[in-house]
Amino acid sequence: MVRIAGGTFRMGSDRHYSEEAPVHRVTVSDFWIDPAPVTNRAFRAFVEATGHVTMAEQPPDPKDYPGALPEMIKAASLVFTPPDHAVDLRDWSQWWSFTAGADWRHPDGPHSTLDGLDDHPVVHVAYTDAEAYAAWAGKALPTEAEWEFAARGGLEDAEFAWGDEFMPRGKRMANTWEGEFPHKNRKRGRGRRRTTPVGAFPANGYGLYDMIGNVWEWTADWYTPRHEADAPKACCIPENPRGGRQEESYDPRLPAVRIPRKVLKGGSHLCAPNYCRRYRPAARHAQPVDTSMSHVGFRCVLREGKTP
């Protein structure tokens with residue numbers, strides 16, 4: 001793990017999506033963080049040691065999903081399935097498929113395998129799966145503030161984890177979408193088409209890999225649609241903030257479905273300039289705790305008083 005010396009920084013952004021605002025100062029204490037997302041190799045060791053069964057491998061309880069179609073009550077996960085033509089970018093169902101048999105062992109669907117993917121980030125992990133792994137490893141999931149502080153790599157006000165230019169001198173710094181999302185991808189080969197091995201792109205200033213792109217990462221914080229306002233005085237800056245409250249994290253568009261949401265950070269290989277510009281440390285996204293996807297993973301932290 002990598003030790004991060006804590007400090008006060010300006011969290012969020014006022015220049016992009018509304019949920020990133022307002023910029024506000026927060027303080028985090030010293031902590032340790034995994035240098036890269038948890039890999040398939042590491043998650044396999046956890047499953048073999050504990051017998052853990054991920055949420056994607058378990059049929060859901062119909063009581064939790066009132067009004068759901070019977071064919072949706074099955075062990076499944078969301079798999080990116082790109083169309084072959086331009087689609088309405090407001091309709092995510094055009095490229096996400098609820099796929100029975102998709103799970104961490106079968107990232108592209110029931111007939112896929114992890115052959116050659118041991119060093120890729122594990123995907124199709126719901127929040128409870130990530131939390132279970134962290135507990136087994138004697139660690140925890142990072143707060144949103146810890147994650148963003150680490151992702152910035154010491155560059156507090158920079159747009160990206162490496163500076164203010166997306167591709168400095170034409171160099172690609174993270175595994176993000178190349179082309180017009182979701183139907184044109186200029187990447188070649190399976191490894192570049194979706195996830196890449198951890199460490200395939202340069203580390204940030206703290207020596208951390210894949211904080212941007214590759215896979216979204218779970219944090220421990222409940223989602224809120226906006227950050228709190230900046231403290232009026234230095235004495236009032238929040239220390240080690242823990243985000244919003246669970247009861248405020250539910251999706252207001254689905255009042256009948258009471259599934260709380262956590263904050264995801266970092267963007268993924270599907271983030272593209274024409275659709276999702278969330279390949280930045282300040283970017284954030286709401287994710288229901290029960291939902292696993294083919295571009296969501298995690299990494300862990302250790303806090304004060306503990307050493308790896």
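Here the structure is a predicted model, which means the values were calculated and not measured.

Glancing now at the pattern of salt bridges. Overall, the coordinates contain 26 salt bridges when judged by the stated rule. Between Lys-139 and Asp-34 there is a salt bridge, with the nearest N and O atoms lying 2.9 Å from each other. Residue Lys-139 is found in the loop between helix 2 (127-136) and helix 3 (144-152), and its partner Asp-34 is found in the loop between strand 4 (31-33) and helix 1 (40-50); the two are separated by 105 residues along the sequence. The partner of Arg-44 in a salt bridge is Asp-118, with the nearest N and O atoms 3.0 Å apart. Of this pair, Arg-44 sits in helix 1 while Asp-118 sits in the loop between strand 6 (96-100) and helix 2; the two residues are 74 residues apart in sequence, bridging distant segments of the chain.

Next up on the list: the sheet that holds strand 7 (residues 216-222). A sheet is described by the order of its strands in space; here four strands give the open sequence 9-8-7-10, paired in mixed fashion. In the strand order of this sheet, the two ends are held by strand 9 (284-288) and strand 10 (296-297), each with one partner. Pairing between strand 7 and strand 8 (residues 261-265): three bridges, direction antiparallel. Its bridge partner lying in strand 8, Trp-218 is registered against Leu-264. Across the sheet, helix 3 lies against strand 7, strand 8 and strand 9, angled at about 140° from strand 7, the strand it touches most.

Here Arg-299 lies in the loop between strand 10 and strand 11 (301-303). Look at Arg-299 and you get buried, because its relative accessible area is 0%. For Arg-299, the side chain forms a polar contact with the side chain of Glu-217, separated by 2.8 Å.

So, about a nonpolar patch on the surface. A cluster of nonpolar residues, Leu-69, Met-72 and Phe-98, forms a patch on the protein surface that exposes about 260 Å² of accessible area. For Met-72, the position within the fold is in the loop between helix 1 and strand 5 (76-80). Taking relative accessible area as the criterion, Met-72 reaches 37% and is therefore assigned partly exposed.

Before going further, it helps to spend a moment on the packing of helix 1 against helix 2. Two elements in contact, helix 1 and helix 2, have axes separated by 11 Å at closest approach and are oriented at 80°. Regarding the angle of helix 1 to helix 2, the classification is roughly perpendicular. Between helix 1 and helix 2, the contacting residues are Ala-42, Phe-43, Ala-45, Phe-46, Ala-49 and Thr-50 on the first element and Asp-129, Ala-132, Tyr-133 and Trp-136 on the second. Of the residues that constitute the contact of helix 1 with helix 2, the class distribution is eight nonpolar, one polar and one charged.

The rules we used
- Residues numbered from 1 in each chain as written.
- Predicted model: local features only at pLDDT ≥ 70, side-chain atom pairs only at ≥ 80, totals over all residues.
- Heavy atoms only, no water.
- Salt bridge = Lys/Arg side-chain N within 4 Å of Asp/Glu carboxyl O.
- Helix = DSSP H or I, 4+ residues; strand = E, 2+ residues; numbered from the N terminus.
- Pairing = 2+ DSSP bridges.
- Contact = heavy atoms within 4.5 Å.
- Axes fitted to C-alpha atoms, helices over the stretch in contact; angles between N-to-C directions.
- Buried < 20%, exposed > 50% of the residue type's maximum accessible area, 1.4 Å probe, protein only.
- Polar contact = N/O pair within 3.5 Å; in protein donor to acceptor, adjacent residues only side chain to side chain.
- Patch = residues over 30% accessible without salt bridge, like charges linked within 9 Å, V, L, I, M, F, W, Y side chains within 5 Å.
- Areas by Shrake-Rupley, 256 points an atom, 1.4 Å probe, with all protein chains shown as cover.
- Parallel < 35°, antiparallel > 145°, perpendicular 65-115°, else oblique.
- Nonpolar A, V, L, I, M, F, W, Y, C, P; charged D, E, K, R; others polar.

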